[in-house]
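For reference, the chains in residue letters:
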Amino acid sequence: LRVETPAGKREEFEPNQEECLELMENVKTKLEEINNLINSEATDEELIENFENPDDESCFFCGYRPICPKYKKEIWPKLDKEDRYDLDLFGKISKNKVSDNLRWLDLNDKHGDTFSIKLKNTKEFDHSDLSNLKIDDEVGIFYLKRDRRGFFKGVKRTRLYKYV
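The residue numbering used here restarts from 1 in each chain and proceeds along that chain's sequence as written. Given that this is a predicted model, residues contribute local features only at a pLDDT of at least 70 and side-chain atom pairs are listed and counted only at 80 or more, while totals for whole chains, interfaces and linings are drawn from all residues. Hydrogens are left out, water is left out, and the side-chain values use all remaining heavy atoms of the structure.

Draft legend 1. Examining the overall build of the protein more closely. What counts as a helix is a DSSP run of H or I of at least four residues, what counts as a strand is a run of E of at least two, and both are numbered from the N terminus. The number of helices and strands found in the protein is four helices and eight strands. Among the 164 residues that make up the protein, the fraction classed as buried is 29%. Note on definitions: a residue-residue contact is assigned when non-hydrogen atoms from the two residues lie within 4.5 Å. Taking contacts inside the protein between residues at least 6 apart in sequence as the whole, the part at least 24 apart equals 46%. When the accessible surface of the protein is totalled, it reaches about 11500 Å², and 49% of it is carbon and sulfur. With a 1.4 Å probe rolled over the protein chains alone, any residue whose accessible area is under 20% of its type maximum counts as buried; one over 50% counts as exposed, and the rest are partly exposed. Areas reported here follow the Shrake-Rupley algorithm with a probe of radius 1.4 Å; residue values treat only the protein chains shown as occluding.

Laid out in structure tokens, this is it:
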């Protein structure tokens, strides 16, 4: 049996019925715990604290990460922003310009780093709705891709969130 992890690594192993049944029971137990937490009156922070071992790989596929304080405060700051192919960025807009089919955004993060982003207007990603963003708006841009020349580009799942 060959399995591909969310990070794209392929692993092969021989299935073992006992291990598979044990894994299934663990998944059912964890799902029940999560559902009980969700149905409780816990705060978002308490819910997040109860999820096990958040890390770069598991957080990347989580749809909650744009508003997840643990991701923004603990996971994201540790990521290598220079060499990553897939990237999320947080910051305040310091530039928002349009030219032909390109939009230039500069984001300044809280550590003083500036990220210059060139978003190409493609059939997968239309940046025209970003014209209402203003200087100093705080945003998060998720699922950016970096091309061979180092430019960021929006893809089908790229999302931009303005924080208020």
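Continuing now.
Draft legend 2. Region of the structure containing the environment of cysteine 68. Relative to the helices and strands, cysteine 68 is located in the loop between α3 (56–60) and α4 (69–75). It is 8.4 Å that separates the C-alpha atoms of cysteine 68 and glutamate 45, two residues lying 23 residues apart in sequence.

Draft legend 3. A look at unusual backbone geometry. In the Ramachandran plot, aspartate 136 falls in the positive-phi region, its phi being about 80° despite a non-glycine side chain. Its identity as a non-glycine residue notwithstanding, tyrosine 143 has a phi of 65°, on the positive side. Turning to its location among the elements, tyrosine 143 is positioned in strand β6 (residues 138–146). A residue is classified by how much of its surface remains accessible, and tyrosine 143, at 14% relative accessible area, is buried.

Draft legend 4. The arrangement of the packing of aromatic side chains in detail. Within 6.5 Å between ring centres, the rings of Phe, Tyr and Trp (the latter by its six-membered ring) count as paired, and their orientation is classed by plane angle as stacked under 30 degrees, edge-to-face over 60, tilted in between. Applying the stated criterion across every chain, the model contains five aromatic pairs. Between tyrosine 71 and phenylalanine 90 the ring centres are 6.3 Å apart and the planes differ by 55°, which places this aromatic pair in the tilted class. Within this pair, whereas tyrosine 71 is found in helix α4, its partner phenylalanine 90 is found in strand β3 (residues 86–99), the two being separated by 19 residues in sequence. Its relative accessible area of 2% is what places tyrosine 71 among the buried residues. Seen from their ring centres, phenylalanine 90 and phenylalanine 142 are 5.4 Å apart, and the 85° between their planes marks the pair as edge-to-face. Taken together, the residues phenylalanine 90 in strand β3 and phenylalanine 142 in strand β6 connect sequence positions 52 residues apart. The two residues phenylalanine 90 and phenylalanine 142 agree in class, both being buried. Linked through ring pairs, Tyr71, Trp76, Phe90, Phe142, Tyr161 and Tyr163 together constitute an aromatic cluster.

Draft legend 5. Examining the environment of lysine 153 more closely. Note that lysine 153 resides in strand β7 (residues 152–153). A residue is classified by how much of its surface remains accessible, and lysine 153, at 31% relative accessible area, is partly exposed. Residues lysine 153 and tyrosine 143 lie ten residues apart in sequence; the distance between their C-alpha atoms is 9.2 Å. Setting aside its immediate chain neighbours within four residues, lysine 153 contacts Lys118, Leu119, Leu144, Lys145 and Thr158.

Draft legend 6. Main features of the environment of glutamate 49. Tracing the backbone shows glutamate 49 in helix α2 (residues 44–49). Residues glutamate 49 and lysine 70, spaced 21 residues apart in sequence, show a C-alpha to C-alpha distance of 8.1 Å.

Draft legend 7. Highlighting a nonpolar patch on the surface. On the surface, Leu1, Val3 and Phe13 cluster together into a nonpolar patch covering about 270 Å² of accessible area. Here phenylalanine 13 is to be found in the loop between β2 (10–12) and α1 (17–39). Like charges are joined within 9 Å and nonpolar side chains (Val, Leu, Ile, Met, Phe, Trp, Tyr) within 5 Å, but only among residues with over 30% relative accessible area and no salt bridge; these make up the patches. Take a side-chain nitrogen of Lys or Arg and a carboxyl oxygen of Asp or Glu: if they are within 4 Å of each other, that pair is a salt bridge.

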